[in-house]
Amino acid sequence: MLPALRPPPSAASAVPYTYCSPPRAVPARPKYRAPLEADEPQKEPARWANLMYDRRVVRGNTYARQAVPTCIHHPNAFEIQRQREARRKALARKRAEEQIQLRTPEPVEGREHVHVQTELYLEEISDRIIEVDVECQTDAFLDRPPTPFFVPAKTGRDVATQIEEGELFDFDIEVKPILEVLVGKTIEQALLEVMEEEELAKLLAHQRAYAELRNAELAEVQRLEEQDRRYREEKERCKQQQMEMLQKEKETMEKIAAQAFAKRYLTDLIPSVFNNLHESGFFYDPIERDIETEFLPWLMTEVEETLEKKTLGRVMLDSLIRTVTEKRLDVFSQKPLPDQVEAPAEEHRPTDNAPQVAAETEAADQAVTADEETDQPAAEDQASHHITFQSEEANQEAMEDSETD
Amino acid sequence: MASTLISAKLPPDVDPTKAPIAFGRRALPKLSREIQSPELLTQQRALMALCDLVHDPENVYQAVQIGFLENLKTLLLHHDSTVRQKTTEILYIMAMHNVGRQGLIQNAVIPVLTELLDDPEDICRKNTHQVLDMMAKLPEGAVDILHAGLIPLLVVRLKTESDEIQELILGTLSNCLRMEASEALATDAITILKEKLTHPSATIRNKAAQVILEIGTHPEGKSTVCEEVIPLLVSLLEDTDPEVQASAAGALMFATIKPKVCCTGGEHFLYTSRHSDTWSYSESPVLPSTTSWKPFLWLEAVSHS
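Residues numbered from 1 in each chain as written. Chains lettered and ligands numbered in written order. Predicted model: local features only at pLDDT ≥ 70, side-chain atom pairs only at ≥ 80, totals over all residues. Heavy atoms only, no water.

If you look chain A up in an unreviewed UniProt entry, it shows as Radial spoke head 3 from Gallus gallus. For chain A, the Subcellular location (unreviewed entry) comment in UniProt is given as "Cytoplasm, Cytoskeleton, Flagellum axoneme". According to its UniProt record, chain A has this under Sequence similarities (unreviewed entry): "Belongs to the flagellar radial spoke RSP3 family." (UniProt positions renumbered as here; feature names shortened; annotations may be inferred.)

**A few points about the overall build of chain A**
Scanning chain A from terminus to terminus reveals 7 helices and 0 strands. Out of the 405 residues in chain A, the part that is buried amounts to 11%. Taking all contacts inside chain A whose residues are at least 6 apart in sequence as the whole, residues at least 24 apart take part in 80%. When the accessible area of chain A is evaluated, it comes to approximately 36,200 Å², of which 58% is carbon and sulfur surface. (Helix = DSSP H or I, 4+ residues; strand = E, 2+ residues; numbered from the N terminus. Buried < 20%, exposed > 50% of the residue type's maximum accessible area, 1.4 Å probe, protein only. Contact = heavy atoms within 4.5 Å. Areas by Shrake-Rupley, 256 points an atom, 1.4 Å probe, with all protein chains shown as cover.)

**A word on the overall build of chain B**
Looking only at helices and strands, chain B has 20 helices and 0 strands in total. Carbon and sulfur atoms make up 56% of the accessible area of chain B, which amounts to about 13,900 Å² in all.

**Let's talk about the packing of aromatic side chains**
Residue and element names in this part refer to chain A. One pass over the structure, following the stated rule, counts 2 aromatic pairs over all chains. Summarising the aromatic geometry, the rings of Phe-261 and Tyr-265 are spaced 5.9 Å apart at their centres and angled 15° between planes, so their arrangement reads as stacked. One end of the pair is Phe-261 and the other is Tyr-265, both in helix H3 (residues 171-267) and 4 residues apart, which spans about a single turn. Its relative accessible area of 47% is what places Phe-261 among the partly exposed residues. Judged by relative accessible area, which is 55%, Tyr-265 ranks as exposed. Judged by centre distance (5.9 Å) and plane angle (35°), the rings of Phe-295 and Trp-298 are tilted. Here Phe-295 and its partner Trp-298 are both found in helix H5 (residues 286-334), 3 residues apart, which amounts to about one turn of the helix. Residue Trp-298 is classed as partly exposed on the basis of its relative accessible area, which comes to 45%. (Phe/Tyr/Trp six-rings, centres within 6.5 Å; stacked < 30°, edge-to-face > 60°.)

**Observations regarding the environment of Lys-126 of chain B**
Residue and element names in this part refer to chain B. Counting through the fold element by element, Lys-126 comes out in helix H8 (residues 122-136). Under the relative-accessibility criterion, Lys-126 is labelled partly exposed at 23%. Here the alpha-carbon distance between Lys-126 and Leu-116, two residues 10 residues apart in the chain, equals 10.0 Å. Once residues within four sequence positions are removed from consideration, Lys-126 is found in contact with Glu-164, Ile-165 and Leu-168.

**Some details on the packing of helix H4 (residues 68-75) of chain B against helix H5 (residues 81-95) of chain B**
Residue and element names in this part refer to chain B. Relative orientation of the contacting elements H4 and H5 amounts to 140°, with a least axis distance of 9 Å. In terms of orientation, H4 lies oblique with respect to H5. For the pair H4 and H5, the crossing hand works out as left-handed. The residues of H5 that touch H4, namely those facing Leu-69, Leu-72 and Leu-75, are Val-83, Arg-84, Thr-87, Ile-90, Leu-91 and Met-94. Within the contact of H4 with H5, the residues separate by chemical class into 7 nonpolar, 1 polar and 1 charged. (Axes fitted to C-alpha atoms, helices over the stretch in contact; angles between N-to-C directions. Parallel < 35°, antiparallel > 145°, perpendicular 65-115°, else oblique. Left-handed = near helix turned anticlockwise from the far one by under 90°. Nonpolar A, V, L, I, M, F, W, Y, C, P; charged D, E, K, R; others polar.)

**Points about the nonpolar core**
Counting 87 residues, the largest nonpolar core has Leu-50, Leu-72, Leu-91, Met-94, Leu-173, Leu-193 and Leu-233 of chain B as its most contacted members. When neighbours within four sequence positions are excluded, Leu-72 of chain B is seen to be in contact with Leu-47, Leu-50, Thr-87, Ile-90, Leu-91 and Met-94 of chain B. (Core = buried A, V, L, I, M, F, W, Y, C linked by side-chain atoms within 4.5 Å.)

**Details of the side chain of Asn-175 of chain B**
By the secondary structure assignment, Asn-175 of chain B is in helix H11 (residues 163-177). Non-local contacts of Asn-175 of chain B, meaning those with residues more than four positions away in its chain, are made with Asp-133, Ala-136, Lys-137 and Ala-142 of chain B.

**Details of unusual backbone geometry**
Residue and element names in this part refer to chain B. A positive phi angle, near 55°, is found at Ala-108, a position not held by glycine. You can see Ala-108 is positioned in the loop between helix H6 (98-106) and helix H7 (110-115). Overall, the relative accessible area of 36% leaves Ala-108 in the partly exposed class. Unlike most non-glycine residues, Asp-188 shows phi in positive territory, near 60°.

**Focus on a nonpolar patch on the surface**
A surface patch of nonpolar side chains, about 880 Å² in accessible area, is lined by Phe-261, Tyr-265, Leu-266, Leu-269, Ile-270, Val-273, Phe-274, Phe-282 and Phe-283 of chain A. Here the element with the most residues in the nonpolar patch is helix H4 (residues 269-280) of chain A; it accounts for 4 residues. (Patch = residues over 30% accessible without salt bridge, like charges linked within 9 Å, V, L, I, M, F, W, Y side chains within 5 Å. Salt bridge = Lys/Arg side-chain N within 4 Å of Asp/Glu carboxyl O.)

**Thoughts on the confidence of the model for chain A**
The predicted structure's coordinates, where accompanied by low pLDDT, should not be read in detail. Residue and element names in this part refer to chain A. Residue-level pLDDT values for chain A average 75, and 70% of them are 70 or greater. At the low end of the mean pLDDT range in chain A sits helix H6 (residues 338-363), at 49; at the high end sits H3, at 90. A low-confidence stretch, residues 343-347 stays under pLDDT 50, and its non-local contacts, those more than four residues away or across chains, total 5 contacts. A low-confidence stretch, residues 354-375 (pLDDT under 50), is modelled with 87 contacts involving residues beyond four sequence positions or located in other chains. (pLDDT = per-residue confidence, 0-100.)

**What to know about helix H2 (residues 77-100) of chain A**
The end-to-end C-alpha distance of H2 of chain A is 34 Å, a good match for the 34 Å that 24 residues give at a rise of 1.5 Å each. Residues of H2 of chain A that are buried include every one of Glu-79, Gln-83 and Ala-86 of chain A, and no others. (Expected span 1.5 Å × (residues − 1).)

**Considerations on the packing of H3 of chain A against H4 of chain A**
All names here are of chain A. The interhelical angle for the contact between H3 and H4, taken along N-to-C directions, is 35°, at an axis separation of 5 Å. Counted together, Tyr-265, Leu-266 and Thr-267 of H3 and Leu-269, Ile-270 and Pro-271 of H4 form the full contact between these two elements. Grouping the constituent residues of the contact of H3 with H4 by class yields 5 nonpolar, 1 polar and no charged.

**A look at the pattern of salt bridges**
A side chain with one charge can pair with a side chain of the opposite charge if their charged atoms come near. Under the counting rule described, the total for this entry stands at 21 salt bridges over all chains. With a closest N to O distance of 2.6 Å, Arg-223 of chain A and Glu-220 of chain A form a salt bridge. With Arg-223 of chain A and Glu-220 of chain A both in helix H3, this residue pair falls 3 residues apart, about one helical turn. Here Asp-122 of chain B ties to Arg-125 of chain B by a salt bridge, and the two come within 2.3 Å at their closest N and O atoms.

So, in structure tokens, the structure goes:
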């Protein structure tokens, strides 16, 4: 079988052209033909490819010749049909001719008239070869007539074979893997998609469950936080209260302690206060006070006056004596009698010292003139001061005595 | 009968909208190159192929390793809407896996996503919000979103966007506000959330209640919630949907754990709780055990306040 690549010819005859006598180079020919006798019985094998001598080439007018000689080869249906048509036409023609022509006499008994065409194998033998000049002009509009259907000669043995059902393959078994693949792939794809959806749905459900749990827990956490906050505040408040209470207790205790201490401290207070007051003279006997404040100072002042008078007197006396003695001294200094003057001066002085006290006290009564003297008034003042101090001391002693009483 | 010859033709192209994927390890680098090509069709085809590949977590890991996210960041601001839509979808699928989320944080993708919040295409915005929602579930992601200043923008968009995007925004907000509520309070989120509490859709009511729950975990939020929202939450306790009831109970739970200030509505909802069927939360589909904690907990909290 030829490969299927060559496109089949569109003409009626499907057999491609093959050479029965492939073209050959002209062989060396003998100059003279071989004697004819030897040739007749045999047909030489075709050594030439000359058209003129080719049996198969139709000589004469090819246009009129329509009846293709019956081939010994297998014609195809088209050829058969054409042959049939040609036969029909020939018959028709013959009938027409017969009608015009004289008919041949009827066959004798036992014989039959048969139309025989003997032209097939007729060959005109002559030395002179009929040469006819034929011109040929290809007709532009005429299609190439279809090549004759050439079937190569049958060689070899005919062998026929027929494929029965079930011999080649079992469709059901063969189709199974293909079907499995097809259906399997489809179902696999479908399953994948469905599984994806399911997976998503499960994931969403899982997420929702998780979200719900989380929300619940979050709410719980917040509630616990609130609770915790409240407890803490409660605790703080309790603690505060407790602290305040403790504080107050402490204060109260301190107060009590302070009070007790104060009380104890102050129990002594009043007596001591009274004591102090008493001692500092707030509670006084009015008569005593009266005596002390009024009488005694008066007494003292009186005494003082008296003593001052006395002192003054003495001072006066002293001054008098002094002036006198000075005068006398002056007088006596004018006269040289120192012994008597000094002696009486010395005598006067010690004697002055003795009665000075009495004199001063007497002079104190007449205090005015003592100021003129420089020495003696100073001494007298000092003396008087001494005396007053002494007198005051005496007064104070007297007063204290009176107080302690 | 099948012949043993391997066909010289390429296998039939089943889907011409996707770029052909190279074998094994080379798939992602090749797509990375194609994404940077100047031709729009190549980029789109590469993005479609990448979108399929990224469902596998190993590919996500590889993509993050070879630095895909930089390219995707530049593509986020592309002029073509299909490119943007596919890029945001890819980022969403990557964000569904932890490796992808970590990659998104490290490559600072969230500030770029801020630009896309105003995208004219609905699907782009929806994908963007989905990405933000997934990122917010991670604590570092939530912090990232807070740092990018997205909270005021999201709160504003609550009023304007469609319902599904609102659900996503509310989810994002609830996860972010767990960290820090001051920004949201500054933009007066409570008023908007109060409207959402009366929305016809149960999911939106549920999520709005959850956002209020998260606001209530912070002390400054508690006072705001206490003043304004308690009556609404109490009315939600009698809602038909058990999840809404659970979320409302949770929000109340947090609102009542308050320092010093007693809620005046305390007695009010104690009464309503006795009347409403608070103890039947065991019907809640997700978690029968924990949703019933909430009423216990907030009753306990209320009794302390």
